[in-house]
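Observations on the three-dimensional arrangement
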Amino acid sequence: MVLSYQPVQPITTLHDAGIQAVTALSFDPVSDSLWAGIDSGIVIALHTVQGLRGVSFPVGGGLAVKQVTVGDNYVRAFGLAGEGLGSWAKGGMNKWYFRPVSALTAASSSTFTPNLLATASSTPELALLNASTGSTVRQAPVPSVITHLQFSLSNLLSASIDGLVRVHDPRSGIRRENGEASVQAHSSGVQDLQVTGNFFFTIGRSLRRGHEFPDPLVKVYDLRNMRPLPPIPFSDGPSFINLLPKHSSSLVVTSAQGLVNVVDVSDATNASGFYQLETAAYITSVALSSSGSFIGFGDATGAIHLLTAADEFSELYFNGFEGQPIEHADVPEPLPNITWTDSTPLNSIGMPHYNALLLSSWTPRFVSHGSHYPPPPKIPPQILNTMKVNENIAYAALPKELRGRRNRVQVTNTKDQGRFRSGKNRRDDIDLEALSIDDSVEEVPRMYRKVEIEYSKFGVEDFDFGFYNKTPYSGLETHILNSYTNPVLQVMHYTLPIRRLAKSHTTTNCPREHCLLCELGFVVRMLDDARGTNCQSSNFCRVIGVLAQARNQLDLIDYGREAPYDQMIQSFHRFLVDHLSLEGNSFPYNPVIYQRDLFSSGTNSLAAAPITQLLGIDAKNIVTCLNCKAVREKENMTHIIDMMYPRPMSQNEPYVSSDFTSIIRNSIIREMSHKATCQTCKHFGTFISRRSISTADLPPILAINTSIYSEESMKFWLDTRQGAFLQSQIELQGEIDGVEDPEIATYELRAVVCQITTKTKQSHLVALIKVPDAETTANTKGPWYLFNDFAVRNISEEEALSCPGTWKGRLNCYRDPTKPSILYLERTDVRDKLDFRGLPDELDPSILSQDTSISMNRDKTLIKHEPLRFEELPTPGTLVAIDAEFVSMQQEEIDYRSDGTSRVLRPARLSLARVSVLRGDGPKEGVPFIDDHIHTSEAIVDYLTEFSGINHGDLDPHVSPFTLTPLKLVYKKLRLLVDRGCIFVGHGLSKDFRIINIYVPPERVIDTVDLYFISSRQRRLSLRFLVWYILGENIQTDTHDSIEDANSALRLYKAYQDMEDRGVFDEKLEELYREGRQYVSRCAYG
C-alpha cells in the first residue's frame, strides 16, 4: 500500500538567510530535527517543521556538502571537495575525521555490523573504516572511481563512473567471487543507488549520439544473480530515488523539476502516487524521515519543501513523536592565555595549516636587459658555409631553398571581390547596387543575391561589413552553421511584443541549459544595442542544432547542402514557436499580457504561456457527419496558420474568392473533409470539419506559413495588372457555429520571409520587414527594409509587397525567382491593449556576488577570484579588465584549388571556454571577481591549449578542478556589466565580444590593440611584446592565462595614461615600432 502525502509549508530559514542551495538532507531519527548541508560546505540543524536554526559546522573544503547521515548520537558528512569524511556530535564537536590520500568520492549511508563503514576515493580505492574511531580497517583497490556505496544484508554494492554496479565482500572490500559480481546498469554513470533485501535500484545516464541523456526509468535488479527485472518508467527523468522506511517495497522517485512518484514496486496494479512540488528551482536533495511520514526536498534557492503523510489535524512531528530534546552547540575550549615577553618562543603560538607554498619560498625570475638582448636572429648555416669576406664585408649567394617570390605583382580578378578594411584603394562612395551586374549570369538584383563573407589574412574582422549596410539596423553574419534562420531572427526582433517577451525571459532564472527563448532574448538585445553594427547569432544557431538532434528533427540542421529553404524555414518556424511557447510557460504564474474582451471579467483566470497569448488561435473544431448530421466539437489550439489555396473549380461549383484576405480567412477557418466511421450512425462516411473562432479571439499577431508547394499555389502570389496579391492591411472576421462574426479585426503586414532562387537553382532566404522605429523617420523610402543577412537596404512598400515574375523588366526564364515563405501580421485594433507590466525587465545583480560552480571536484587552491561585495557592484563608468579564452567546436573549412591557392569557406567555430574579469580601480585593483571556466555539452574538436591554456577535462563537471559555470550564467554576468555601464579594458576585445555574442558600445571599450597602434603602419602589436617592452616582463611563456592577460592589459592602460600625462606617449610609440622592427620576428605581432 502506498502512503498518501500532502504538502505543508516549506522551510525557508536558509533561503531567507541568502543561502543558495540545499545539497544534502537527513532527518534525525531520535529528535524532531532535520539536518541540511548547503553549497558552501556547512551542515546546519533545523528544528521542528518551523525550521528553527540550530547547530552548524563545516565539513571541510568549502564546496557543497555531498552527503549527510544522522544516527542516534552522531552526524556524519563529507563534501564535494573530497577532503575527508567526519563524524560530529549533535552539538557540533568533531569526534573524528578521516582524510584519504586522494579525494573522497563516496561513503555508505549505513554500516555493516555495528562499526564497519565503507568509503571510496579517487585513487581509485575502497576503504573500510571503524565507524566509532574513523580509523582504517581494510583497503582494497577497485577498477573504477566509485560514486555510490550501499550495504545490503550480506553484501556491499558500489556504483562507478563507468556505469557498472559491483558486488563486494563487506568484510574485505574485494569483489564477490561466487556468482555474478557486476552488471552494466547505465552506459554513462550511475546517479543514485538504493538496496533493499535481494533487490537494488539504479538511475543514471546513457550515451545517445555521443551525448549524455538521463535514462527515463528506474532500473531494478535481482542481487542474487545480477539480472535485470522490469524497470519502473519515469518520463520526467529521475534525479533521486529513496526507499520508503517501513515499506521496503515502496520507492520514492523524484525529478530535478519537482515531480515526485511514490510507487509500490511489488504491486504493479497499485496506482502510483504523483505529486508536483511548487517550485521553479531545481531539486538538489531528498530525504525521508525514519517513519516515512515526512519527505524533505531541498532546492537550488535554499528552500526545503515538505510532504507529510500525517493527519492534517494532528501535531506535526518529523518522526511522528516529539523525540529527544534539542542539543545546543558545544562550547569550544578557550584559547590559552600567553604572557608575551622577549623570551617567549614563537612556537608557543603554532603555525596555521596551509597546503600552498608560502610567500617566503617564492623565487624571482631574472630577465636579461640591455642592447644585446634579445639576440639577433641566427644566420642560416647554408649561407655561412658559402660565405666569403672581402674588406670586412661578408657576402654569399642566396641558396635556392631560401629564395622567395620577390618583386612580383599579384594580379587578381577584381570582379565581386570581397572588400576589406585593410584595403588601400577602396572607393567608399560606390553603392552596392551601383556596381556592375552581369545579366548573362544572373537576373537577380545585387541586393537580393546571396552575400558571402570573404576572409583576408587578418581574418573575418577585416571584412568591411559597413559597405553592405549603411542603415541603423544591424544585419547578421552568415559563416555559421544554421545561419539560414537569420531572417526569422530579424522578424522576431522587429515584432515588438515578441522582442519584449524574449528580452524579459533573459532576466529570469531559466533552468534550461539549451533554451531558444533565452538565446532569442540575447540576440534581440544585441541587435537592439548594435544599431547598425553587424552581429552574429552563433549561440542561437548552436542551440538549434542541439535541440533538433534531441528531437530527431535532423532536417532542420543546415549541413551546407543545397536544400529547399522555403520548406526548411517553415518547418523551423513551427519548431521555434513551439519551443518559445514551452520554454516561456511558467503556468500557473504566467502574466496576463493580452486580455480578450470575452473574458475581461475573469481577470483572475490562469493565463496561457505568453507566446500563446500573442500567437495562439484557440478555436473549436466542429466535425459534422454528412450522413446523419451528428456534430461533435474538439478543442483546437495552434500557433501558426498554414495557408490553404482554392483548388481549380469546375463549371458547376460556386465561385470561391482567391484574394489575399479571403485565403487568410479560409486558412483560419480551415474547412476540410475526411473519411471515417461515425460513432452515432455507425456508417463509414464523409465528415466535414471547420474551426469556429470569434473575431475577439483572433490573436494580436498572426504567424503564417505560406505552404507554397506547387506551381498552382505560386500563381496566386505573382503580380498581375491589377496589382500585387500581398496586401499591406487586411480586415478579418471570425466565425461562430458557421455564422460570420460581424465584428472586424484589422491586421497590418509587418514582415515577409522570402526564398530567392537563381536560374542555377541556388537559393537563400531574405526578410522584408516594416521596421517600427523607421515609421517616423524622414528622408527614407519608407519603413520597409530588406535584410539579406548582413546586407541591409531601405526599400519601398511597393517593392516589399511585390512578387515579380520579372527582374529588371526582363521576362523570367526560370520559375519562382522569389517565393514568400513566412508572413507576420499584427492586429492594430488591440495593439494598445497589450500589457507588459507583469514581465520582469532587470537582471538580478546579486549574480555578480555569488560564487557558482557545477564542478564536482573543484580545487579550492585554484580559486583565484573574489566575487564582488554588494557595495562593490559596478556603477556607470566602473573600470574592469577582461580577457577570454576559446576552444574550437568545428574545424575550419577550406577549398583548395587546382592552382595551389585556397579559400576559406567557413572559419573555425569557437566557443567560450574561460572568461576572467578584474577590478580596474580601487584597493583591490587587479583582483578578479569573475574567473569562470564554461561548461559545454558539445564535443570539443580542439582545446587550442597553446593559446587558451585549456586542457582536456577542464570543462568537464565530473573532473574539472576549476570554477565551472554554464555558458548562460556567464553571459548574464557579462550582460549585467554592460547594462550597468562598465568600461572594459582588454587586448583584442572586438573579436572576443563577437564570439561571445555580446555588443558593447565602442565608447565603453578601451582596447590596448588600438591604444598602441600607428594607423600608417597597419601592423598591430601583440600583448606579449607590449608587456615585454613597456612593463619589462615576460608573459605567455608556456601558455595563455586569462587573468594574467587581463591584468597585463590593465597595466598597459595605466602606463598609457601615465605617458599621456607626461606628454611622452607619441615618442614612446614610435620607439616601440622601431624596436619591434629591429628585434622582434613577425610572430611577435598580433
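Remember, predicted model here, so these are calculated numbers, not experimental data. (Residues numbered from 1 in each chain as written. Predicted model: local features only at pLDDT ≥ 70, side-chain atom pairs only at ≥ 80, totals over all residues. Heavy atoms only, no water.)

All right, on to the confidence of the model for the protein then. Mean pLDDT over the protein works out to 84, with 88% of the residues at or above the 70 mark. Considering each helix and strand of the protein separately, the mean pLDDT is smallest for strand 46 (residues 810–811), with a value of 36, and largest for strand 54 (residues 983–986), with 95. Confidence drops under pLDDT 50 across residues 598–604; counting only partners more than four residues distant or on other chains, this segment forms five contacts. Low confidence marks residues 808–815, where pLDDT is under 50. Its contacts with residues over four positions away, or in another chain, come to 19 contacts. (pLDDT = per-residue confidence, 0-100. Helix = DSSP H or I, 4+ residues; strand = E, 2+ residues; numbered from the N terminus. Contact = heavy atoms within 4.5 Å.)

Once that is clear, we can look at the side chain of His935. Among the secondary structure elements, His935 is positioned in strand 52 (residues 928–935). What makes His935 buried here is its relative accessible area of 18%. Separated by 3.4 Å, the side chain of His935 and the backbone oxygen of Leu955 make a polar contact. When sequence neighbours within four positions are dropped, the list of residues in contact with His935 reads Glu513, Ile854, Leu955, Pro957, Leu964, Thr965 and Leu967. (Buried < 20%, exposed > 50% of the residue type's maximum accessible area, 1.4 Å probe, protein only. Polar contact = N/O pair within 3.5 Å; in protein donor to acceptor, adjacent residues only side chain to side chain.)

Right, let's get into a nonpolar patch on the surface. Judged by side-chain polarity, Ile338, Trp340, Leu346 and Ile349 come together as a nonpolar surface patch covering roughly 460 Å² of accessible area. What makes Ile349 exposed here is its relative accessible area of 56%. (Patch = residues over 30% accessible without salt bridge, like charges linked within 9 Å, V, L, I, M, F, W, Y side chains within 5 Å. Areas by Shrake-Rupley, 256 points an atom, 1.4 Å probe, with all protein chains shown as cover. Salt bridge = Lys/Arg side-chain N within 4 Å of Asp/Glu carboxyl O.)

Our next topic: the packing of aromatic side chains. By the definition in use, this model includes 29 aromatic pairs. Considering the side-chain rings of Trp35 and Phe57, the 6.4 Å spacing of their centres and the 45° angle between planes classify their relative orientation as tilted. Remark: Phe57 occurs in strand 5 (residues 52–58) and Trp35 occurs in strand 3 (residues 33–38); sequence separation between them is 22 residues. Looking at Trp35, the relative accessible area reads 2%, which means it is buried. Taken together, a centroid distance of 6.5 Å and an interplanar angle of 85° make the contact between Phe540 and Phe572 edge-to-face. Residue Phe540 is located in helix 6 (residues 538–550), and its partner Phe572 is located in helix 7 (residues 565–583); the two are separated by 32 residues in the primary sequence. (Phe/Tyr/Trp six-rings, centres within 6.5 Å; stacked < 30°, edge-to-face > 60°.)

To continue, consider the sheet that holds strand 36 (residues 684–692). Adjacent strands of a sheet form backbone hydrogen bonds with each other and so pair up, either parallel or antiparallel. The strand order 33-32-36-35 describes an open sheet built from four strands, whose pairing is antiparallel. For this open sheet the edge positions go to strand 33 (631–638) and strand 35 (672–677), each flanked by a neighbour on one side alone. Strand after strand, the sheet turns through a mean of 30° between neighbouring axes, direction not considered. Here six bridges tie strand 32 (residues 617–625) to strand 36, and the two strands are oriented antiparallel to one another. Bridge assignment links Asn621 to a residue of strand 36, and that residue is Arg691. (Pairing = 2+ DSSP bridges. Axes fitted to C-alpha atoms, helices over the stretch in contact; angles between N-to-C directions.)

If you trace the four strands from one edge of the open sheet to the other, you get 6-7-8-9, paired in antiparallel fashion. Edge positions in the sheet fall to strand 6 (65–70) and strand 9 (94–98), since each has one partner strand and no second. Between one strand and the next, the sheet's axes are offset by a mean angle of 15°, whatever the strand orientation. Pairing analysis gives three bridges linking strand 7 (residues 75–79) to strand 8 (residues 85–88), with the strands arranged antiparallel. Of the residues in strand 8, the one forming a bridge with Val75 is Trp88.

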